[in-house]
Amino acid sequence: MSLSETTRSPVPLSETRSPTPLLFRRHSSGEIRNIASLSSSLLPAFGTVMGESSVRLKRFVIAPYDRRYRLWQTFLVVLVVYSAWSSPFELAFNKASTGALLPVDLVVDAFFAIDIILTFFVAYLDKSTYLLVEEHKKIAFRYITHLRFPMDVASTLPFQTIYRVITGKMSRGQVFGFLNLLRLWRLRRVSKFFSRLEKDTRFSYFWTRYCKLISVVLFAVHSAGCFYYWLATRYHNSESTWIGANIPDFKSRSIWLGYTYSMYWSIVTVTTVGYGDLHAVNTEEKIFTIFYLLFNIGLTSYLIGNMTNLIVHTAVRTFAMRDSINEILRYAQKNRLPEGLKEQMLAHLTLKFKTAELQQEQVLENLPKAIRSSISQQLFRTTLENTHLLKGVSDDFIVQLVSEIKAEYFPPKVDIVIQNEIPTDFYIIVSGAVDVVTYKNGTEQFLSKLGSQQMFGEIGVIFNIPQPFTVRTKRLSQVVRISHHDFKQLVQPLQEDGKIILTNFIQHLKGLKNEELAEMPLVSEFLDDFISEEDTVNEAGTQDYATQVQQENAIFTTTPALSETPGTRVIIHGYHPDHKPNKGGNAGKLIHLPDSVENLLSIAESKFGKRGTTIIMKDGSQVEDLAALREDDHLYIF
C-alpha cells in the first residue's frame, strides 16, 4: 500500500490533480500542518480550479507534501551527513572503506536505493499547468530522462562490493575511492533542507543560517584535510611529504593519528593562523595548498558576508532609529527650535520605533480587506460600541466603520488636535488619557479630561467648523482615527443609524460644561434652537407625524456631516429687511444652504415658527436660484 493511498476505486489515467485541496486532508498522513514550510514549487498557479473530486490521489501514488514522505526525506538528510563525511575519509584512508565502514556504507546505500524506487511513485507538478501529475508512466519517464536518475544510481551502487562479488577479491585500488565521491551528489538534499528551514517560521532564521554556515565550514575543512592526506599517501617518497617529515612511516600508523594531523593542518590553514609546523614540502602539495588558500578567500568572504548580514539584520531598526534621532537633533539645532518642541519630536519618533510591531497600518497593509476588517473588529469593536456617539447603532454600521479606522500611538504631552485647525478626523481613545484645553487671550485654560472609550474632535467634524479645542495627551495613549469623509459616506445610506447618532450627539452636547459651550457659539445656538423646538412640541402635545418628520429633516440638513453635502453657509431672517423687529429679535440663524427652495422654507419654518413664501436678499432682490448664493449671504424669508 502506498503512503498516500486513500481509495481503491480506479481513476482515469488522464486525470490530473490540483495540489491545494490536499492541504486540508484529515485522513491519511498527508495533512499539511504548517503551510510556511511548503516549497513554492508545490503551490498551485493562480486560477487553478479546485473541487471535491480532486481531494484523493490514485493508488500507489505519493503526494510530494505527504507528511510521512517528508519525514522520510528528513531521515535521508541525516544519512547524507554521514555520506559527506565518509566519502572523502575513505578516499584518504583506504583501509577504512574495506573495514569497519563497509557494512555501514551498504546499509546507507540500501536506504537510498529504496528512495530511488519510491521516486517512481511520487507525483509532481506540471510546470506548464501547475497541476499535480499522478500517472505512473509520466512520473517514471520524467525521472528516467532527468540527470537526477543516473546520478542517483551511480551514487548508490556499492562498486567495491560488486567487484568483490564478481572477482572474489577485495580491491583497495584508488578508483573505488573516487567512485565513492559520487555520493557527494546527495549533498543537494542538504541544501534543499536548509532552504526549506529558512522559510519555515517554526524555526529561527538566525540559528538556521548559523548552522548552515557551520556545516559548510566543517565540510570544507574535512574534505581539504582528507585530500591533503591522500596526496601524501600516493607520493613516491613518503619522507618528502608534509606529514612524513613529522611522522616517519605514517602509512602504517593509526588512521585516527593521520586524520588528526590532517584536520589540524586544514583548520590552521583555513583560519589563516599559519603556525608553520605543518607545511607543503613537495610540488604537488604546494599546488594543492595554493588552490586551497584561494578557496579559503572565497569561503571567508562567504562567512563574513553572511554573519554580517545576520548581525545587521538584528540591529537595522536600531541604526534607523539613531539616524532619525540625529536628523531631528540637527534640524532642531539649525532652526533654533524650543527645547519643549524638540522633546515632543524626539518622544514621537522614539514611540514610533518602539511600537513598530503594534502599528496596525504596517502590520495589515498587505492583508486582504476581509482579514483587516476581522482583526479590527476583534481589537476595536467593543471600544466603538461603548462610545457615546455610536451607542445603539446597528451592527452593520459598526462593521463598516471599524474597517475604516486607523490606530495610532501618541506619547505624553503631544497635541493630537489643535484649536482652530480644519476638521478632517475625529478620534476615539482606546487607552490612555487626554486633556481638553482652550486658549483665551494667549493663556491656556483647562476644560476637561477624557479617558478610555471617549471621543474628541467630533464636534468640529459634524458641524464642519474649525476644531474648537486643543486636545493633548496626558500619558501614552492609543487612539483610533475616523476620517470625516469615510464617516459621512457610511452614514448617508443608513438613515436610522444617522438619527441615532444625531440623538446621541445632542445628548452629549447637553452634557457639556458651560465653559465648553461658551467656546462654541454656533453649537450653543444649535442646542438652544433644538431645545426650544423640543419644548414647543412637548407643550403642543398634538403635533402630527408629518410635522415631526419635517423637523427631523431640518435638523439633519443643518448638521453637514450627517447630510449629503455640507452646502454653503448663509444667515436667514424671518422678516422683511424693511420691517426689522424690535430690539432683541433681529438675530439671524446661521445654516447650511439646502439643495432646494422648498427645503430652505421648511428650515425657516422650523427656526421662526411660521411658513414663509418669499426669499429676498438685503438689497430687495428676489432669490430664485440657490446656486447663485455665496457664503455668509443674508436671506430674508417672510
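Residues numbered from 1 in each chain as written. Predicted model: local features only at pLDDT ≥ 70, side-chain atom pairs only at ≥ 80, totals over all residues. Heavy atoms only, no water.

Novice: Explain the overall build of the protein residue by residue, including any values.
Specialist: When helices and strands are counted, the protein shows 22 helices and 14 strands. Evaluated residue by residue, the protein yields a buried proportion of 44% over its 638 residues. Of the contacts made within the protein by residues no fewer than 6 positions apart, 70% connect residues no fewer than 24 positions apart. Accessible surface for the protein amounts to roughly 34600 Å². Of this, 58% is attributable to carbon and sulfur atoms. (Helix = DSSP H or I, 4+ residues; strand = E, 2+ residues; numbered from the N terminus. Buried < 20%, exposed > 50% of the residue type's maximum accessible area, 1.4 Å probe, protein only. Contact = heavy atoms within 4.5 Å. Areas by Shrake-Rupley, 256 points an atom, 1.4 Å probe, with all protein chains shown as cover.)

Novice: Talk me through the nonpolar core; I want residue IDs and the actual numbers.
Specialist: Leu384, Leu390, Phe397, Phe456, Phe487 and Leu509 are the most contacted members of the largest nonpolar core, which has 51 residues in total. Ignoring sequence-local partners within four residues, the contact set of Phe397 consists of Leu390, Phe487, Leu490, Val491, Leu494, Asp497 and Ile501. (Core = buried A, V, L, I, M, F, W, Y, C linked by side-chain atoms within 4.5 Å.)

Novice: Run through the pairing of strand S6 (residues 434–440), naming residues and quoting values.
Specialist: Among the seven residues in S6, five count as buried, and that is most of the element. Direction of pairing for S6 relative to strand S7 (residues 443–450): antiparallel, over a ladder of seven bridges. Directly across from Thr438, in S7, lies its bridge partner Gln445. Linking S6 back to S7 in an antiparallel pair, the connection comprises two residues, with Asn441 at a positive phi of about 55°. Where S6 meets strand S9 (residues 470–473), four bridges bridge the pair, whose relative direction is antiparallel. (Pairing = 2+ DSSP bridges.)

Novice: So what's going on with the packing of helix H9 (residues 205–234) against helix H10 (residues 255–270)? Which residues, and what values?
Specialist: Packing of H9 against H10 leaves a shortest axis separation of 8 Å and a crossing angle of 120°. As judged from the angle between their axes, H9 and H10 are oblique. When the axes of H9 and H10 are compared, the crossing they make is right-handed. Across the interface between the two elements, Ala220, Val221, His222, Ala224, Gly225, Cys226, Tyr228 and Tyr229 from H9 touch Gly258, Tyr259, Ser262, Met263, Trp265, Ser266, Ile267 and Val270 from H10. The residue makeup of the contact of H9 with H10, split by class, is 11 nonpolar, five polar and no charged. (Axes fitted to C-alpha atoms, helices over the stretch in contact; angles between N-to-C directions. Parallel < 35°, antiparallel > 145°, perpendicular 65-115°, else oblique. Left-handed = near helix turned anticlockwise from the far one by under 90°. Nonpolar A, V, L, I, M, F, W, Y, C, P; charged D, E, K, R; others polar.)

Novice: Just give me the short version of the pairing of strand S11 (residues 569–573), but keep the residues and values in it.
Specialist: Successive residues of a regular strand alternate their side chains across the two faces of the sheet. Most of S11 sits out of view: four of its five residues are buried. Two strands pair when backbone bridges link them, and S11 and strand S12 (residues 589–592) are joined in this way by four bridges, in the antiparallel orientation. Pairing of Arg569 across the sheet is with His592, part of S12. Here S11 pairs with strand S14 (residues 634–637) via three bridges, running parallel.

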